[in-house]
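So you can see what is in the structure, the chains are spelled out below.
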There are 2 protein chains.
Amino acid sequence: MVRSSEQTRQQILDAAIEEFSTHGIAGARVDRIAKAAGANISSLFRYYGSKAQLFEAAFDALALGSIDVVPFDAEDLPGYTGRLMDHYRAHPEIVRLSAWYQLERPAEGVPAQVVVSERSKLEQIERAQAAGTITRELSAVDLLNVVLHLSLAATGTTPILAATPIDHAAARRAAMTAVERLVEPSDR
Amino acid sequence: MVRSSEQTRQQILDAAIEEFSTHGIAGARVDRIAKAAGANISSLFRYYGSKAQLFEAAFDALALGSIDVVPFDAEDLPGYTGRLMDHYRAHPEIVRLSAWYQLERPAEGVPAQVVVSERSKLEQIERAQAAGTITRELSAVDLLNVVLHLSLAATGTTPILAATPIDHAAARRAAMTAVERLVEPSDR
């Protein structure tokens, strides 16, 4: 059976996501990507241009494609935290690829899709604050920033606590408890 | 003035910390390190063996050397969170080098010094829990894990919220507030 060029493109992209999330941009090897995709290097470059452009395509496909897969709910930030943690557990390549992206491309801009998604989340938090269902003591940015860092508590890395295994369910409960207590309006 | 071999070693190490924290292991170039240190490549390899061994030496010097620079206080976890955030702001190379370390060397073990430091922190939290000064609803590991992820809230990266600038003072206040509310014993 002859593969269509569309299938080949997709298989190269899947192999690229795997290779880049494991090795980053500098460490990735296009010959390994082509081999894993069952394609040759010349078609890889024909479809994607360069290693850097292939990384862009892999990042767009994976990270941008998953931005709103976990529905955001400003009225239930603890639940959102837990669901995001489950999503990262199911797709650790998202956390790794994002970390590489931010380490290896620090000077680059942010995709428009990310900006739109962020703005929407912040507006939803502000509406919940205006309605008095979550605390107004901290800004929407600061609340979201806490939620997002806590959502990495089972899969992310810290410079400390490298030796202790982290249990997903326990870390999830702790992160959700922290968010729950943080967002509680003080006048309740 | 002739440099001593000790000075040359130190200058290579300083240049290596800078290079590896910017580019990671795969992306770092030993010729750039040697040039920045004003040394030649042959002395770099004579002192440190290989690029991978030089990374180890740089990581040990920076990350291990800073483990207990911020004094841990189980009775004041919000304060510890804030001080760790200040330390990471002053030394962003620690956060970056640790991220590279964990991305590029995932299968490696953890240095003994890290294990000892972690165990000590967990024991101190358990003593504070036994004394009833902080919550017992979550395990020491889960509490420390939350603290450490929140300590990255001003310098760390998340797959989301890439477009919004994070203000250090505001993020610090939010992280400390989150820890303060989390560790409060429920029977107070």
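Look up: the structure comes first, before these words.
Since the structure is predicted, the reported quantities are computational estimates derived from the model, not experimental observations.

S.K.: Looking at this structure, I do not really get the side chain of glutamate 19 of chain B. What am I missing?
M.R.: Residue and element names in this part refer to chain B. Within the secondary structure layout, glutamate 19 lies in helix α1 (residues 5-27). Within polar-contact distance, the side chain of glutamate 19 engages the side chain of arginine 32 at 2.8 Å. Those residues in contact with glutamate 19, other than ones at most four positions away along the chain, are Gly24, Gly27, Ala28, Arg29, Arg32 and Ile33.

S.K.: Sorry, what's going on with the interface of chain A and chain B here?
M.R.: Many structure descriptions define interface size as the accessible area lost when the parts assemble. The interface is formed by 53 residues belonging to chain A together with 53 residues belonging to chain B. Between chain A and chain B, the buried area comes to about 4900 Å², and carbon and sulfur atoms account for 67% of it. In this assembly, chain A and chain B are joined by two salt bridges. The salt bridge involving glutamate 137 of chain B is made with arginine 181 of chain A; its shortest N-O contact spans 3.0 Å. Applying the counting criterion to the chain A and chain B interface returns ten residue pairs in polar contact (both at pLDDT 80 or more). Counting residues per element, the ones that place at least two in the side of chain A that touches chain B are α1 (5-27), α5 (77-90), α6 (92-104), α7 (112-130), α8 (140-150) and α9 (168-183) of chain A. Residue classes in the side of chain A that touches chain B are distributed as 33 nonpolar, eleven polar and nine charged.

S.K.: How do you make sense of the relation of the copies chain A and chain B when you look at a structure like this?
M.R.: Note: a rotation about an axis with an accompanying shift along it relates these two copies of the chain. Between chain A and chain B, which share one sequence, the superposing operator has a rotation angle of 180° and an axial displacement of 0.0 Å; the RMSD is 0.0 Å. Both chain copies can therefore be described as sitting about a two-fold axis. A share of 100% of interface residues in chain A that are also interface residues in chain B marks the association as one of identical surfaces.

S.K.: How should I be thinking about the pattern of salt bridges in this particular structure?
M.R.: Close approach of charged atoms allows side chains with opposite charge to pair. As enumerated under the stated definition, the model contains ten salt bridges over all chains in all. A salt bridge links aspartate 86 of chain A to arginine 172 of chain A, with the shortest nitrogen-to-oxygen separation between them at 2.7 Å. Highlighted residues: aspartate 86 of chain A in helix α5 and arginine 172 of chain A in helix α9, separated in sequence by 86 residues. Glutamate 19 of chain B is paired through a salt bridge with arginine 32 of chain B; the nearest N and O atoms lie 2.8 Å apart. Of this pair, glutamate 19 of chain B sits in helix α1 while arginine 32 of chain B sits in helix α2 (residues 30-37); the two residues are 13 residues apart in sequence, bridging distant segments of the chain. Exposure remark for glutamate 19 of chain B: the relative accessible area of 9% places this residue in the buried category. Residue class for arginine 32 of chain B comes out partly exposed when judged on its relative accessible area of 30%.

S.K.: Looking at this model, I keep getting lost on the packing of aromatic side chains. Mind explaining?
M.R.: All chains considered together, the criterion is met by eleven aromatic pairs over all chains. Geometrically, the ring pair formed by phenylalanine 59 of chain B and tyrosine 101 of chain B is stacked, given 3.7 Å between the ring centres and 10° between the ring planes. Of this pair, phenylalanine 59 of chain B sits in helix α4 (residues 51-66) while tyrosine 101 of chain B sits in helix α6 (residues 92-104), and the two are 42 residues apart along the sequence. The class of phenylalanine 59 of chain B is buried, set by a relative accessible area of 5%. Among the aromatic side chains, those forming a connected cluster through ring pairs are Phe20, Phe55, Phe59 and Tyr101 of chain A. A cation over a ring is seen here: arginine 9 of chain A above tyrosine 48 of chain A, with NZ or CZ 5.2 Å from the ring centre.

S.K.: What's the story with the side chain of serine 43 of chain B in this structure? I'm lost.
M.R.: Residues and elements named next belong to chain B. Here serine 43 is to be found in helix α3 (residues 41-48). Judged by its relative accessible area of 7%, serine 43 falls in the buried class. Of note is the side chain of serine 43, whose polar atom sits 2.9 Å from the backbone oxygen of asparagine 40.

S.K.: I keep staring at the environment of leucine 144 of chain A and nothing clicks. Help me out?
M.R.: Here leucine 144 of chain A shows up in helix α8. In sequence terms leucine 144 of chain A and serine 21 of chain A are 123 residues apart; their C-alpha atoms lie 25 Å from each other.

S.K.: Can you walk me through the nonpolar core in this structure?
M.R.: One recurring pattern in soluble globular proteins is that nonpolar side chains are buried together. Counting residues in hydrophobic clusters, the biggest one holds 108 residues, and the most contacted among them are Phe20 of chain A together with Phe20 of chain B. Setting aside chain neighbours within four positions, we find phenylalanine 20 of chain B in contact with Ile25, Ala28, Ile33, Lys51, Leu54, Phe55, Ala58, Leu97 and Trp100 of chain B. Formed by six residues, the second largest nonpolar core is a distinct cluster that contains Ala99, Trp100 and Leu103 of chain A together with Ala99 of chain B.

S.K.: How should the environment of isoleucine 17 of chain A be read in this particular structure?
M.R.: Residues and elements named next belong to chain A. The residue isoleucine 17 is located in helix α1 in this model. You can call isoleucine 17 buried: its relative accessible area is 13%. When the C-alpha positions of isoleucine 17 and phenylalanine 55 are compared, they lie 7.9 Å apart, and in sequence the two are 38 residues distant. In this structure, isoleucine 17 is in contact with Ala58, Ala61, Leu62, Glu93 and Leu97, ignoring residues within four places of it in sequence.

Reading guide: rules and limits
Residues numbered from 1 in each chain as written. Chains lettered and ligands numbered in written order. Predicted model: local features only at pLDDT ≥ 70, side-chain atom pairs only at ≥ 80, totals over all residues. Heavy atoms only, no water. Helix = DSSP H or I, 4+ residues; strand = E, 2+ residues; numbered from the N terminus. Polar contact = N/O pair within 3.5 Å; in protein donor to acceptor, adjacent residues only side chain to side chain. Contact = heavy atoms within 4.5 Å. Buried area = accessible area lost by both parts, 1.4 Å probe. Salt bridge = Lys/Arg side-chain N within 4 Å of Asp/Glu carboxyl O. Nonpolar A, V, L, I, M, F, W, Y, C, P; charged D, E, K, R; others polar. Least-squares fit on C-alpha atoms with pLDDT ≥ 70 in both. Buried < 20%, exposed > 50% of the residue type's maximum accessible area, 1.4 Å probe, protein only. Phe/Tyr/Trp six-rings, centres within 6.5 Å; stacked < 30°, edge-to-face > 60°. Lys NZ or Arg CZ within 6 Å of the ring centre and 35° of its normal. Core = buried A, V, L, I, M, F, W, Y, C linked by side-chain atoms within 4.5 Å.

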